[in-house]
Amino acid sequence: MGRVASVAAAAALLAAVTCGHSIKHVVVLMEENRSFDHLLGFRPGVDGLKGTEFNYVDPQDPAKGKVPVTDRAKNVAKCDPNHDLWATTDKIFGVKAARAGNLTTPDMSGFVQTEDAVLHDKDNHCGVMDAFAPAHLPVMNGMADEFALFDRFFAALPGPTWPNRIFHLAGTSGGLTETSLPWFMGEPGKLFPQRTIFDQVKDAGKSWKNYVNDTPWELFIESVAHYPENIVTMEQFYEDCRTGNLPSFSYVNPRAGLNLTLGLGSNDHHPDHDVALGEAFYKDVYEALRASPAWNDTLFVLTYDEHGGFYDHVPPPNKVPPPGDGIPSYPDQFDFDRLGVRIPTLLMSPWIPKGLVISAPPAHAKPTPTSEFSLTSIMKTVRMILNITEGPLTDRDAWSAHFEYVLDTLKEPRTDCPMHLPDAMPPTHPIEIEAAQPLNGLQKHISGVHAHLAGEPVPDHITTQRDIS
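Since this is a predicted model, take the numbers as computed values, not measurements.

**Student:** How should the pattern of salt bridges be read in this particular structure?
**Tutor:** Any two side chains of opposite charge can pair, given that their charged atoms come close. In this structure the tally under the stated criterion is 23 salt bridges. Note that Glu372 is salt-bridged to Arg152, the shortest N-O span being 3.0 Å. Of the two residues, Glu372 sits in the loop between strand E11 (356-358) and strand E12 (373-374) while Arg152 sits in the loop between strand E4 (148-150) and strand E5 (153-154), which places them 220 residues apart along the sequence. Given a relative accessible area of 23%, Arg152 falls into the partly exposed group. Each of Glu32, Arg165, Glu218 and Asp305 takes part in one network of salt bridges that share partners.

**Student:** What exactly am I supposed to notice about the sheet that holds strand E6 (residues 208-212) here?
**Tutor:** Sheets are built from strands paired through backbone hydrogen bonds, the pairs being either parallel or antiparallel. Pairing is mixed across the open sheet formed by eight strands, whose spatial order is E7-E6-E8-E1-E9-E10-E4-E11. The sheet is open, and its two edges are formed by strand E7 (231-233) and E11, each paired on a single side. Each adjacent strand pair in this sheet contributes to an overall mean axis angle of 20°, direction not counted. Sheet topology note: the E6/strand E8 (residues 249-253) ladder contains five bridges and is parallel. Residue pairing in the sheet places Lys209 in a bridge with Ser250 of E8. Running at roughly 125° to E6, helix H10 (residues 234-243) makes contact with strand E1 (25-31), E6, E7 and E8 of the sheet.

**Student:** I tried to follow the confidence of the model for the chain on my own but got confused; where do I start?
**Tutor:** Caution applies to low-pLDDT parts of the model: their predicted coordinates are not meant to be read in detail. Summarising the model, the chain shows a mean pLDDT of 93, and 95% of its residues fall at 70 or more. For residues 1-18, every residue scores under 50 in pLDDT, and the model assigns this stretch two contacts once sequence neighbours within four places are set aside.

**Student:** How should I be thinking about unusual backbone geometry in this particular structure?
**Tutor:** Peptide bonds are trans in most cases, and residues, glycine excluded, mostly fall at negative phi. That bond from Tyr330 to Pro331 is cis: its omega, -5°, falls within 30 degrees of zero. Looking at the secondary structure, you find Pro331 in the loop between strand E9 (298-304) and strand E10 (345-348). Of note, the phi angle at Asn33 is positive, near 60°, even though the residue is not glycine. Looking at the element boundaries, Asn33 is found in the loop between E1 and helix H2 (36-40). You can call Asn33 buried: its relative accessible area is 0%. Phi angles above zero are rare outside glycine, and Phe336 is one such case at about 55°. The topology assignment puts Phe336 in the loop between E9 and E10. Look at Phe336 and you get buried, because its relative accessible area is 6%.

**Student:** What is the right way to read the nonpolar core from this model?
**Tutor:** Across soluble globular proteins, you tend to see nonpolar side chains buried next to one another. Core analysis: the biggest nonpolar cluster contains 98 residues, and Met143, Phe237, Phe249, Phe300 and Leu347 have the highest contact counts within it. Considering each element in turn, this core owes the most residues, seven residues, to helix H11 (residues 275-290). Ignoring anything within four residues of it in the chain, the contact list for Met143 reads Ala148, Tyr282, Lys283, Tyr286, Phe300, Leu302, Leu346, Met348 and Leu421.

**Student:** What exactly am I supposed to notice about the layout of surface pockets here?
**Tutor:** Space left empty within the atom packing is revealed by a probe, the size of a water molecule, rolled over the atoms. Put simply, the largest pocket is a space of about 730 Å³. In terms of lining residues, the largest pocket is bounded by 36 residues, among which Asp80, His270, Asp272, Asn440 and Gln465 are the most central. For the lining of the largest pocket, the secondary-structure elements that each account for two or more residues are helix H14 (431-435) and helix H15 (441-453).

**Student:** Honestly, the state of the cysteines in this entry has me stumped. Any pointers?
**Tutor:** Cysteine pairs can be covalently joined through their sulfur atoms, and such a bond is termed a disulfide. Per the stated rule, a full pass over the model turns up one disulfide. Distance from the sulfur of Cys241, which forms no disulfide, to the nearest cysteine sulfur (Cys417) is 15 Å. Judged by relative accessible area, Cys241 falls into the buried class, the value being 0%. Accessibility expressed as a relative area gives 4% for Cys417, which makes it buried.

**Student:** Any chance you could explain the packing of H10 against H11 here in plain terms?
**Tutor:** Any two packed helices are characterised by how steeply their axes cross, that is the angle between the axes, and by the distance between the axes. Here H10 crosses H11 at 30°, and the two axes come no closer than 8 Å. Taken together, the axes of H10 and H11 are roughly parallel relative to one another. Note on packing geometry: the crossing formed by H10 with H11 is left-handed. Seen from H10, the contacting residues are Met234, Phe237, Tyr238 and Cys241; seen from H11, they are Phe281, Asp284, Val285, Ala288 and Leu289.

**Student:** Help me understand the pairing of E9 in this model?
**Tutor:** Regular strands show a simple pattern: their side chains alternate between the two faces of the sheet. In terms of residue burial, E9 counts as a mostly covered element, since seven of its seven residues are buried. The two faces of E9 match: Thr298, Phe300, Leu302 and Tyr304 on one face and Leu299, Val301 and Thr303 on the other face are all buried.

**Student:** Looking at this model, I keep getting lost on the packing of aromatic side chains. Mind explaining?
**Tutor:** Aromatic rings considered in pairs are described by the distance between their centres and by the relative angle of their planes. Scanning all chains against the criterion turns up 21 aromatic pairs. A ring pair is formed by Trp162 and Trp217, whose centres lie 6.3 Å apart and whose planes are at 90°; its orientation type is edge-to-face. Remark: Trp217 occurs in the loop between E6 and helix H9 (222-225) and Trp162 occurs in helix H7 (residues 161-170); sequence separation between them is 55 residues. For the pair shown, Trp162 and Trp217 are each scored as buried. One cation-aromatic arrangement involves Lys66 over Phe54; the distance from NZ or CZ to the ring centre is 4.3 Å.

**Student:** Looking at this model, I keep getting lost on the pairing of E10. Mind explaining?
**Tutor:** Because side chains alternate across E10, one face comprises the buried residues Thr345 and Leu347, and the other comprises Leu346 and Met348, equally buried. With three bridges joining them, E4 and E10 adopt antiparallel strand pairing. Bridging from a neighbouring strand, Ala148 pairs with Leu347 of E10. Pairing of E9 with E10, which is carried by three bridges, proceeds in the antiparallel orientation. In the strand pairing of E10, Val301 is matched with Leu347.

Cut-offs applied
Residues numbered from 1 in each chain as written. Predicted model: local features only at pLDDT ≥ 70, side-chain atom pairs only at ≥ 80, totals over all residues. Heavy atoms only, no water. Salt bridge = Lys/Arg side-chain N within 4 Å of Asp/Glu carboxyl O. Helix = DSSP H or I, 4+ residues; strand = E, 2+ residues; numbered from the N terminus. Buried < 20%, exposed > 50% of the residue type's maximum accessible area, 1.4 Å probe, protein only. Pairing = 2+ DSSP bridges. Axes fitted to C-alpha atoms, helices over the stretch in contact; angles between N-to-C directions. Contact = heavy atoms within 4.5 Å. pLDDT = per-residue confidence, 0-100. Core = buried A, V, L, I, M, F, W, Y, C linked by side-chain atoms within 4.5 Å. 1 Å grid on protein atoms, 1.4 Å probe; cavity = no way out; pocket = protein on both sides within 12 Å on 5 of 7 lines; lining within 4 Å. Points joined across faces, edges and corners; volume = space filled by probe spheres on them. Disulfide = S-S within 2.5 Å. Parallel < 35°, antiparallel > 145°, perpendicular 65-115°, else oblique. Left-handed = near helix turned anticlockwise from the far one by under 90°. Phe/Tyr/Trp six-rings, centres within 6.5 Å; stacked < 30°, edge-to-face > 60°. Lys NZ or Arg CZ within 6 Å of the ring centre and 35° of its normal.

In structure tokens:
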């Protein structure tokens, strides 16, 4: 055997000995509208809050007072903070600087002033400076105790739900900057044609399913809407877990509206919904996966689409690559060159070391010196885990850091992963309280999309969350 062959054989043997994970199933659950500091800022051992952070009521007149961070966030927020592109930009750079077009110093100073300007909740500033004590979120903190938590993971753009969810699946939002126009190029009924991770999984000969609680959220994307056979219920998810028949890639939508028939509240963590219900939901998902015969081959990713307008002290990176797809932005003018605010993201698998905190990506996981962890890191890592040879969908996808290396830390799967996580806190309100609330913006947009695709009038007569049930 020649020297080159000997070296190659030795390398192959070493790889066989030190080979990491055997992951065959990736499950991604994306919740709604919460920043890292809001949910986990007071957790010890992370880049979180000291308790001294604050925003001025009026940065141009400090004598008007400060609004400090607190650990007194409520299960059900009093209002929904503004997280449109313009509002998020004001919050990151400060209102005065942002309105002057000075986007050089992201000092995270505009959260309070922006909320006061839109008169959401003048007394409490829409709760944007309130965070949760760790004991109040026992499930999420239990997950972080047992597995891995990112404390430097960003939304794909500084804006709301739909652009970030499309970006997460396609590496671009197709130009979209706001949730109010969930159609390609703003043309009602025109689906987003962009290639997605679903297409890449399918074309690699692997399987995917979109598991839904009440409805598929992303029906305005062709690669979701054109594959109704891949959209199944959460009951099917639990059955697939029980039998070990999970697909290669699972994408889980939470419940966007309450179900009065079954007596179930919304579990999407949208700020007008109880965080305890979301905690109970991802506890159920984890425990079903943990009990599955496929557990040793599974990675569970819990993430959020964006920050929901809540305070975070870490400035999002500027000067990141836009998608490079040549699609102009709408309805706002935006260059897609800034990431959004930090979001909570956790990894759970028997191949994950216990209590790991993942901060900035290491050099070997960064395609460029400036690469960061963000929502497009998920699709990149899914391709690596599932051995999909097709390359990045966009320039942003190509730039993003991956986290596949985390799964190669252990030489064999853990046997001490808990079968059960701590119980969620009890819900704050009976379901009738949620039913009486007016529709939130997300519910209006989802129902509008579904009505349009069904050829029905926009359901303006549906005004309360009881109606949407």
